Amino acid sequence: MDLLKQKINSEGTVLSEHVLKVDSFINHQIDPALMVEIGKEFAKRFKDNQITKVLTIESSGIAPGLMAALELSVPVIFARKRKSLTLVNDVLTSTVHSFTKNETNEISVSSKFINSTDNVLIIDDFLANGQAALGLADLVQQAGANVAGIGIVIEKSFQQGRQLLNEKGYRVESLARIQSLENGKVTFSEEVGA
Ligand code: 5GP
């Protein structure tokens, strides 16, 4: 997605060989016009998949997840990282090790929002080692629903997430694929649609 790549080039900061900071348009300040386009692109890629729900994780997955759900005309659910006092009964939980925070969180959703007839599109902002996506897929499976695919805004293809998710049979669609963050520079994969 060219618009996204341009934004990464102009505003992204390479913090290390493994971490890209995009807090001026995704992770802190959010660019609404870009998010609308991101939602349209995900919807285009999954339009023939009879998606019934979008599932994402708080907080940075909510904006792209919401826009994708809006375009697909389905609800969006975000998994919570902290136990909410109101989230007490019939909760599905999984554990996710956070790449950026180096801590393990329990993530949860209320089972009333995902049922066995659902065909779920998982959305997240970044794909690194695939732990967030796998945790979300685990929640979908616990609900007896189907994972239709995984939509990622920025994939760091040099980390193991993409391979892990593909090995498990999941379709992964990433809007920008980064081949390397070496020498303080973002290098994109040159694949079609990357
Ligand atoms: P994974 O679970 O695939 O290892 O990591 C994905 C999660 O970690 C995403 O939800 C995202 O919040 C965070 N993350 C991973 N790598 C980066 C990065 O380079 N930059 C930012 N801003 N977040 C990242």
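Provided above is the structure to which this section pertains.
Quick caveat: nothing in here was measured; it's all calculated off a predicted structure.

Caption draft 1: Just the environment of V91, in detail. Within the secondary structure layout, V91 lies in strand β5 (residues 91-97). Judged by relative accessible area, which is 24%, V91 ranks as partly exposed. Between the alpha carbons of V91 and S110 there is a distance of 4.6 Å; along the sequence they are 19 residues apart. If we skip the residues at most four places from it in the chain, V91 touches S108 and V109.

Caption draft 2: Broad picture of the site of the ligand. For the ligand, the set of nearby residues contains 16 residues, the closest of which are L20, N129, G130, A132 and K156. K156 places a polar side-chain atom, nitrogen or oxygen, 2.7 Å from a nitrogen atom of the ligand. Burial of the ligand by the surrounding chains reaches 88%, relative to a free accessible area of 500 Å². Judged by its atoms lying within 2 Å of the grid points, the ligand is housed in the largest pocket. Taken together, the elements giving at least two residues each to the shell around the ligand come down to β7 (119-127) and α4 (131-142). Per-element accounting of the shell around the ligand gives the leading share, 4 residues, to β7.

Caption draft 3: Fine view of the sheet that holds strand β4 (residues 76-79). The 6 strands are arranged β4-β3-β7-β8-β9-β10 in an open sheet whose pairing can be described as mixed. What marks the edges here is a single partner per strand, and that holds for β4 and β10 (187-188). Pairing geometry for strand β3 (residues 53-57) and β7, over 3 bridges, is parallel. Note that in β7 the partner of K53 across the bridge is V120. Seen against the sheet, α4 touches β3, β4, β7 and β8 (146-156) and runs at an angle of roughly 165° to β7.

Caption draft 4: Looking closely at the layout of surface pockets. Considering only enclosed or pocket space, the largest pocket measures out at about 780 Å³ in volume. In terms of lining, the largest pocket is formed by 34 residues, of which the most central are K81, S98, T100, D125 and F126. Within the residue set of the lining of the largest pocket, elements represented by two or more residues are β2 (20-21), β5, β6 (104-110), β7, α4 and β8. Element by element, the count of residues in the lining of the largest pocket is highest for β7, at 4 residues. The residue inventory of the lining of the largest pocket, partitioned by class, reads 14 nonpolar, 11 polar and 9 charged.

Caption draft 5: Region of interest: α4. Taking 1.5 Å per residue, 12 residues should reach 16 Å; α4 reaches 16 Å between its end C-alpha atoms and fits that length. Looking at α4, one finds that the buried residues are A132, A133, L134, G135, L136, A137, L139 and V140. G144 sits one or two positions beyond α4 and adopts a positive phi of about 80°.

Caption draft 6: Summary view of the nonpolar core. In terms of nonpolar packing, the biggest core is built from 33 residues, with L4, I8, L20, I38, I154 and V186 touching the most fellow members. Contributions of two or more residues to this core are made by α1 (2-11), α2 (32-46), α3 (62-72), β7, β8 and β9 (172-180). Those residues in contact with L20, other than ones at most four positions away along the chain, are I8, G12, T13, V14, F126, I154, I178, L181 and V186. L55, A133, A137 and V172 belong to the second largest nonpolar core, which has 27 residues in total.

The rules behind the values
Residues numbered from 1 in each chain as written. Predicted model: local features only at pLDDT ≥ 70, side-chain atom pairs only at ≥ 80, totals over all residues. Heavy atoms only, no water. Helix = DSSP H or I, 4+ residues; strand = E, 2+ residues; numbered from the N terminus. Buried < 20%, exposed > 50% of the residue type's maximum accessible area, 1.4 Å probe, protein only. Contact = heavy atoms within 4.5 Å. Near = heavy atom within 4 Å. Polar contact = N/O pair within 3.5 Å; in protein donor to acceptor, adjacent residues only side chain to side chain. Areas by Shrake-Rupley, 256 points an atom, 1.4 Å probe, with all protein chains shown as cover. 1 Å grid on protein atoms, 1.4 Å probe; cavity = no way out; pocket = protein on both sides within 12 Å on 5 of 7 lines; lining within 4 Å. Sits in = over half its atoms within 2 Å of the grid points. Pairing = 2+ DSSP bridges. Axes fitted to C-alpha atoms, helices over the stretch in contact; angles between N-to-C directions. Points joined across faces, edges and corners; volume = space filled by probe spheres on them. Nonpolar A, V, L, I, M, F, W, Y, C, P; charged D, E, K, R; others polar. Expected span 1.5 Å × (residues − 1). Core = buried A, V, L, I, M, F, W, Y, C linked by side-chain atoms within 4.5 Å.

This is a description of form; function is not addressed.
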